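# Chains, contacts and geometry: an overview
Residues per chain are reported as follows:
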Amino acid sequence: VGIYRTYAYVPDDEEFTYDAWCKALRSGNTFHSAGPILHFTVDGKPIGSELKLSGNGGTVEVVATAESTLPIHSLEIVQQGGVVASTEDGQGTRRLEIRTTLKVEGNTWIAARCAGPNYTSVPHFDGWRRGIMAHTSPIYIACGGEYHLFDMENAQYMLSLVDGGLSYIRQRSPRLEPGTVTHHHGEGDHQAFLERPFLEAQQAIHKRMHDFGIPH
């Protein structure tokens, strides 16, 4: 809630409900935005998809557009953390587009993002002065088998974020006395309900570390 929001694509043949939005969120066809709307495909596949190539990789067609009621200056394609294609309008514009071909030589991910000049955010004229930007979730590309990619530094950072969320729930979050409020989930232990996804994330990250033979 607020300026930064997560948009998830709900198919036209599905009713727009909270459960449908959660399902769409899990599918990965999402982007995070402070205003701009992003559209992004790789070989025609939408955000969140997994694209399979031969063992030697190949080339993929990338299309990204950004539209915004507030001026944006830069649209970039990011592959595994590095900018591989970009376009800019120094004066600011309401629409930017990239159509390009990228070479892929191994398992990787590709995403699109937009913001101010050189991807430095131009602030909203509001009390928070938050930046005007948007960033998609990735499209995953697997070469010669199932998709797999692991980065120890990122895994450790994700664990620190999870730990921070748990610490907030357990130590800092405002709470009402048990039995004085009814929650929509219908469970008796509201704190356990809030902690569960964080604990599940911890387990998933530790499993990935174990699968890649990394002690933790």
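First things first, this report covers the structure right here in the doc. What you are looking at is a predicted structure, and each value in this text was computed from that prediction instead of being measured. Positions within a chain are numbered from 1, following the residues in the order the chain's sequence is written. Totals for whole chains, interfaces and linings use every residue, but because this is a predicted model, local features are given only for residues with pLDDT of at least 70 and side-chain atom pairs only at 80 or more, for both listing and counting. Where side-chain values are given, they derive from all heavy atoms of the structure, hydrogens and water being excluded.

### Focus on the nonpolar core
Grouped together as the largest cluster of nonpolar side chains are 27 residues, with contacts concentrated most on Phe40, Val42, Val60, Leu75, Ile77 and Ile141. Think of it this way: any DSSP run of H or I at least four residues long counts as a helix, any run of E at least two long counts as a strand, and we number them from the N terminus. At the level of elements, β3 (37-42), β5 (50-53), β6 (58-79), β7 (82-104), β8 (108-115) and β12 (139-143) are the ones that each hand at least two residues to this core. With 7 residues, β6 is the largest single contributor of residues to this core. For this analysis, residues touch if any pair of their heavy atoms sits within 4.5 Å. Those residues in contact with Ile77 that lie beyond four places of it in its chain are Phe40, Val62, Ala64, Gly82, Val83, Val84, Ala85, Ile98, Leu102, Ile110, Ala111 and Ala112. With 6 residues, the next largest nonpolar core counts Leu159, Val162, Leu166 and Met209 among its residues. Think of a nonpolar core as a cluster: buried Ala, Val, Leu, Ile, Met, Phe, Trp, Tyr and Cys residues, connected wherever their side-chain atoms sit within 4.5 Å. Residue burial is assigned from relative accessible area. The probe radius is 1.4 Å, only protein chains are included, and a residue is buried under 20% of its type maximum, exposed over 50%, and partly exposed in between.

### Here's the deal with the environment of Ser137
If you trace the backbone, Ser137 turns up in the loop between β11 (134-136) and β12. Look at Ser137 and you get partly exposed, because its relative accessible area is 22%. Distance from Ser137 to Ile110, taken between C-alpha atoms, is 8.5 Å for residues 27 residues apart in sequence. Dropping the residues within four chain positions of it, Ser137 is found in contact with Gly28, Thr30, Phe31, Ile47, Ile110 and Ala111. In protein, a polar contact means a hydrogen-donor-capable atom and an acceptor-capable atom, both N or O and within 3.5 Å, with residues adjacent in sequence counting only if both atoms are side-chain atoms; elsewhere, any N or O pair within 3.5 Å suffices. Here the side chain of Ser137 touches Thr30 through a polar contact of 2.5 Å, side chain to side chain.

### Considering the pairing of β8
In terms of burial, β8 is a largely internal element, 7 of the 8 residues being buried. Two strands pair when backbone bridges link them, and β6 and β8 are joined in this way by 6 bridges, in the antiparallel orientation. Each residue of the ladder has a partner; that of Ser74, found in β8, is Ala115. Strands qualify as paired when DSSP identifies two bridges or more between them. Here β8 runs beside β12; their pairing, made up of 3 bridges, is antiparallel. Directly across from Trp109, in β12, lies its bridge partner Tyr140. Inspection of the sheet shows β8 paired to β11 by 2 bridges, in the antiparallel sense. By the bridge assignment for β11, Arg113 is matched with His135.

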